[in-house]
Amino acid sequence: MKLGIVGLPNVGKSTLFNAITQAGAESANYPFCTIEPNVGIVAVPDKRLDVLTEMYNPVKTTPAIIEFVDIAGLVKGASRGEGLGNKFLSHIREVDAVVHVVRCFEDKNIVHVEGSVDPLRDIETITIELIFADLETVDKRIDRAKKMMKGGDKKYQAELTLYERIKAALESGMQASAVEMTDEELDTVKETPLLTMKPVIFAANVSEDDLASGYESNPHYQALAAYAAAQKCEVMPISAKIEEEISQLGDEEKLTFLQELGLKESGLDRLVAASYSLLGLISYLTAGQPEVRAWTIKSGTRAPQAAGKIHSDFERGFIRAEVVAYDDLIACGSLASAKEKGLVRSEGKEYVVKDGDIILFRFNV
């Protein structure tokens, strides 16, 4: 899973990125500090792996991972190349979902590229640039469809009609994601990386005091939350500064620090959970002496395709999956005990894998 972190300059993007990846991206109080996208790979927090590691004592434990891409601050006119914008827009096309960092705190010592803090204006600035970029892409698809139809290929009529609908929506200020489409039309659009089709999570970057004592009363956060609700997007309050401090602490210190702030988990943990939910992802687990590992799949994936995540031979030669639910295994204390109680099931090709399933695949090639 690849998430792109976007936002205007100086909203806290790179500070947040540094905190969650500890990748050391430069963070400075001026625009375009991030010129090339910084990429960081982070482990998906999963306490189930810790428990299974203690149970199996494996040689290694491998969590699922998320790739975060810190994309440089967009500005007004980015779609026309302002602020090196075209280069940055191309990076957004490569991600699965967008984490849009929006500044919701006042600080006279941190300049705002627009001169004041206004979350809705900032969102509109970036959204307009993404719409302009998508219009350019859609125009190219329309021209292509028309040329193919001139050659007698009538199958492009449906594509032409679809992209003309999307163009009309974009020109009216709507995002492509707001256009109603059939499953077949959605498959067609997947071939074109439209920026405004990307799922979005708004990360409301609030002050340290607001996060600890009540961000709900922050008028900037309230405006953003209302906007996100209307767009059917999730908004997640986060303090990039606090995340930066947390990233410097050991596990025990981190837990104490969070408790002192009245928080149950870090912003990274909440961001990962929100991202999984947004993209419809789950994790299944494999456990044994050599390795305990989490594997990320789409919700609704059947057993052979889940096996294919490990190796294509597993999918090609799939025979069956031996499955036990994580909670059942832990309650029994061992796989042998779970088998004695009939909790280890043999599942076939039609089995839909569930989150937390611990699976041993049987295959033959």
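Thresholds applied
Within each chain, residues carry numbers counting from 1 in the order of the written sequence. It should be noted that, the model being predicted, local features are given only for residues of pLDDT at least 70 and side-chain atom pairs only at 80 or more, the latter also being counted only at that level, while totals for whole chains, interfaces and linings use all residues. Think of the side-chain values as coming from all heavy atoms in the structure, minus any hydrogens and water. At least two bridges found by DSSP between two strands are what make those strands a pair. Strands are runs of DSSP state E lasting at least two residues, helices are runs of H or I lasting at least four, and both sets are numbered from the N terminus onward. Axis definition: a line fitted to C-alpha atoms, over the contacting stretch in the case of helices. Angles run 0 to 180 degrees between N-to-C directions. Accessible area is worked out with a 1.4 Å probe on protein chains only. A residue is then buried under 20% of its type maximum, exposed over 50%, and partly exposed in between. Any pair of residues with heavy atoms lying within 4.5 Å of one another is described as a contacting pair. By the criterion applied in these results, polar contacts are pairs of N or O atoms within 3.5 Å in which, for protein atoms, one can donate a hydrogen and the other can accept it, and in which residues neighboring in sequence qualify only through two side-chain atoms. Like-charged residues within 9 Å of one another, or nonpolar side chains (Val, Leu, Ile, Met, Phe, Trp, Tyr) within 5 Å, are grouped into patches, provided each residue has over 30% relative accessible area and no salt bridge. Method for areas: the Shrake-Rupley scheme with a 1.4 Å probe, in which residue coverage is limited to the protein chains shown. Within this document, salt bridges are pairs made up of a side-chain nitrogen of Lys or Arg and a carboxyl oxygen of Asp or Glu, the two lying within 4 Å of each other. Stacked, edge-to-face and tilted are the three classes for Phe, Tyr and Trp ring pairs, Trp counted by its six-membered ring, which pair at centre distances within 6.5 Å; planes under 30 degrees apart are stacked, over 60 edge-to-face, the rest tilted. Whether a charge sits over a ring depends on NZ of Lys or CZ of Arg being within 6 Å of the ring centre and within 35 degrees of the ring normal.

(A) Fine view of the sheet that holds strand β5 (residues 97-103). The mixed open sheet is built from 6 strands, whose spatial order is β2-β4-β1-β5-β6-β7. The strands lining the two open edges of the sheet, one partner per strand, are β2 (38-43) and β7 (234-238). Pairs of neighbouring strands in the sheet enclose a mean axial angle of 25 degrees, with direction left out of account.

(B) Representation of the environment of Val206 in the model. With respect to the secondary-structure elements, Val206 resides in the loop between β6 (200-205) and α7 (208-213). On the basis of relative accessibility, which here comes to 2%, the residue Val206 falls in the buried class. Val206 sits 31 residues away from Pro237 along the chain, and the two C-alpha atoms are 6.6 Å apart. The residues touching Val206, leaving out its near neighbours within four places in the chain, are Cys104, Phe105, Leu211, Tyr215, Asn218, Ile238 and Ser239.

(C) View of the side chain of Thr137. In this fold, Thr137 is placed in helix α4 (residues 119-150). Only 3.3 Å separates the side chain of Thr137 from the side chain of Arg93, close enough to count as a polar contact. Sequence-distant contacts of Thr137, that is, excluding residues within four places in its chain, are made with Arg93, Thr192 and Leu194.

(D) Focus on the environment of Ile201. Looking at the secondary structure, you find Ile201 in strand β6. The class of Ile201 is buried, set by a relative accessible area of 2%. With 102 residues separating them along the chain, Ile201 and Val99 place their C-alpha atoms 5.0 Å apart. The contact partners of Ile201, leaving out residues within four places of it in the chain, are Val98, Val99, His100, Glu234, Leu271, Ala274, Ser275 and Leu278.

(E) Structural context of a nonpolar patch on the surface. A contiguous nonpolar surface patch, about 270 Å² in accessible area, is contributed by Val39, Ile41 and Ile65. On the secondary structure map, Val39 appears in strand β2. Given the relative accessible area of 47%, Val39 is considered partly exposed.

(F) Up close: the packing of aromatic side chains. The final tally for this structure, using the stated rule, is 6 aromatic pairs. For the ring pair Tyr284 and Trp295, a centre distance of 6.4 Å and an interplane angle of 15 degrees mean the geometry is stacked. Taken together, the residues span a long stretch of sequence, with Tyr284 in strand β8 (residues 281-287) and Trp295 in strand β9 (residues 291-298) at a distance of 11 residues. Looking at Trp295, the relative accessible area reads 11%, which means it is buried. Here Arg103 stacks its cationic end above the ring of Phe105, 4.6 Å away from the centre of that ring.

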